[in-house]
Amino acid sequence: MSVVNWDHVESSEAPLSEKQSEAIFLLSTLDSRSPLTPAATQLDDTSVADKNSEPSDSKIGELSDDIAQLEQVLTYFVNIDVAEADVVSPDNSFILLYGRFRSQGPKIRSMISLIEDRIENSSEYVQALLECQKFYLQHREELLAPIVRTGISDLVGKYPNDHCALLRTAGAFMVHTCEDETRLFCQFFNPELSTSLNQMLSTLCRCLYDAFRPLIIHINHVEILSELCDILKYELTDEHVTNSQLDMSAFAELCSMLLADVQERLIFRSHIYIKSQILGYEPSPGDLSYPEKLIMMNVSYSRS
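My aim in this report is to walk through the structure given alongside it, one point at a time. (Residues numbered from 1 in each chain as written. Predicted model: local features only at pLDDT ≥ 70, side-chain atom pairs only at ≥ 80, totals over all residues. Heavy atoms only, no water.)

## Topic: a nonpolar patch on the surface
Rule in force here: Only residues whose relative accessible area exceeds 30% and that take part in no salt bridge are eligible for patches, with like-charged residues grouped when within 9 Å of each other and nonpolar side chains (Val, Leu, Ile, Met, Phe, Trp, Tyr) grouped when within 5 Å. For the accessible areas, the method is Shrake-Rupley and the probe is 1.4 Å, while residue cover comes only from the protein chains on display. Salt bridge, as used here, is a side-chain nitrogen of Lys or Arg placed within 4 Å of a carboxyl oxygen of Asp or Glu. Using a 1.4 Å probe on the protein chains alone, a residue whose accessible area is under 20% of its type maximum counts as buried, one over 50% counts as exposed, and one in between counts as partly exposed.
Taken together, the side chains of Tyr-273, Ile-274, Ile-278 and Leu-279 define a hydrophobic patch exposed on the protein surface, amounting to about 450 Å² of accessible area. A residue is classified by how much of its surface remains accessible, and Tyr-273, at 48% relative accessible area, is partly exposed.

Given below as structure tokens:
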């Protein structure tokens with residue numbers, strides 16, 4: 001159905017591209033045993049000695065150079081040449097979108113952790129961490145958004161008349177996407193120090209909302225709308241959000257918005273049904289032919 005094969009076995013031995021090999025060499029020049037650079041160390045000492053004093057412009061500039069160098073490393077790995085040489089398919093999607101990234105996670109993580117350990121020493125480290133997270137999430141969104149939209153579009157075409165099956169399948173698709181993106185993010189950053197991850201996941205979840213909401217307003221059957229409410233509330237929210245050990249706030253928000261729209265449509269169609277089929281009910285002559293209809297039924301039963 002989609003371009004992502006979630007059953008694909010993850011491999012940490014995915015071949016590296018030429019750019020990734022260059023990035024490893026660049027990463028090796030950043031010695032993780034010495035915290036960032038001497039300038040960064042001096043900045044730490046200055047902050048500890050006098051937290052009220054501002055670091056000098058030269059030290060901040062040198063720290064900015066360190067961050068720029070780290071972003072250069074991230075650039076090589078985030079811009080993995082998926083678009084240049086590889087076509088994402090169900091067979092290679094997991095390796096291209098996650099396997100290659102995860103295999104290099106520890107190398108990047110060792111550098112990011114140096115910044116995270118120093119965020120209490122200076123606001124410069126906080127800003128540096130935010131810039132790295134923003135840089136990473138921006139490129140992940142650019143990579144995944146077209147794939148998610150294509151996958152959901154394929155599902156809409158596969159289930160044109162079965163809205164319940166569409167919601168179940170597309171919901172599972174987004175659950176896997178959110179879970180895998182959260183786990184991948186943890187390979188590079190401490191999720192407790194970021195609020196931007198859920199913003200990116202909300203953008204991806206919005207793809208499903210934008211595709212499914214136009215279908216809701218054309219559903220007239222009360223039974224289908226009622227079943228959609230059950231799917232959103234019990235099968236998706238309770239099973240994948242309440243019982244999940246990961247932060248699924250973005251997916252929970254998606255389910256909440258869809259549930260509100262489906263319930264609104266259900267109330268509207270129920271009102272129409274009550275008005276037309278109950279308040280406006282006009283019995284036909286056959287509906288009023290009592291007790292003749294009962295007598296005919298008894299006669300037929302006796303003869304049989």
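So that's the structure; there's more coming.
## Some thoughts on the nonpolar core
Stated formally: Residues belong to one nonpolar core when they are buried, are Ala, Val, Leu, Ile, Met, Phe, Trp, Tyr or Cys, and are joined through side-chain atoms within 4.5 Å. Elements are defined by DSSP. Helices are runs of H or I of four residues or more, strands are runs of E of two residues or more, and each kind is numbered from the N terminus. Contacts are assigned to residue pairs that have any heavy atoms within 4.5 Å of one another.
Core analysis: the biggest nonpolar cluster contains 58 residues, and Leu-167, Met-174, Phe-189, Leu-204, Phe-212, Phe-251 and Leu-258 have the highest contact counts within it. Of all the secondary structure elements, the ones that give two or more residues to this core are helix H5 (93–103), helix H6 (105–116), helix H7 (123–158), helix H8 (163–186), helix H9 (196–216), helix H10 (222–242) and helix H11 (249–279). A total of 13 residues in this core trace back to one element, the largest contributor, which is H7. The contact partners of Phe-189, leaving out residues within four places of it in the chain, are Arg-109, Ile-112, Glu-116, Leu-129, Cys-132, Gln-133 and Tyr-136.

## A few points about the packing of H9 against H11
Here is the rule: The axes used here are C-alpha line fits, helices contributing only the stretch in contact, and every angle between their N-to-C directions lies in the interval 0 to 180 degrees. Should an angle fall under 35 degrees it is taken as roughly parallel, and over 145 as roughly antiparallel, whereas 65 to 115 is taken as roughly perpendicular and any remaining angle as oblique. Put simply, a crossing is left-handed when the front helix is turned counterclockwise from the back one by less than a right angle, and right-handed when it is turned clockwise.
Two numbers describe how H9 lies on H11: the axes approach to 8 Å, and their chain directions differ by 20°. By the angle class used here, H9 and H11 are roughly parallel. The way H9 lies across H11 gives a crossing that is right-handed. Across the interface between the two elements, Asn-198, Leu-201, Ser-202, Cys-205, Arg-206, Leu-208, Tyr-209, Phe-212, Arg-213 and Ile-216 from H9 touch Ser-249, Ala-250, Phe-251, Glu-253, Leu-254, Met-257, Leu-258, Asp-261, Val-262 and Arg-265 from H11.

## Thoughts on the pattern of salt bridges
Side chains carrying opposite charge are able to pair once their charged atoms draw close together. Tallied over the entire structure, the rule returns eight salt bridges. Here Arg-102 ties to Asp-180 by a salt bridge, and the two come within 4.0 Å at their closest N and O atoms. One end of the pair, Arg-102, is in helix H5; the other, Asp-180, is in helix H8, and 78 residues separate them in sequence. A residue is classified by how much of its surface remains accessible, and Asp-180, at 9% relative accessible area, is buried. For Arg-168, the salt bridge is made with Glu-235, and the minimal N-O distance between the two is 2.9 Å. Of this pair, Arg-168 sits in helix H8 while Glu-235 sits in helix H10; the two residues are 67 residues apart in sequence, bridging distant segments of the chain. A residue is classified by how much of its surface remains accessible, and Arg-168, at 33% relative accessible area, is partly exposed.

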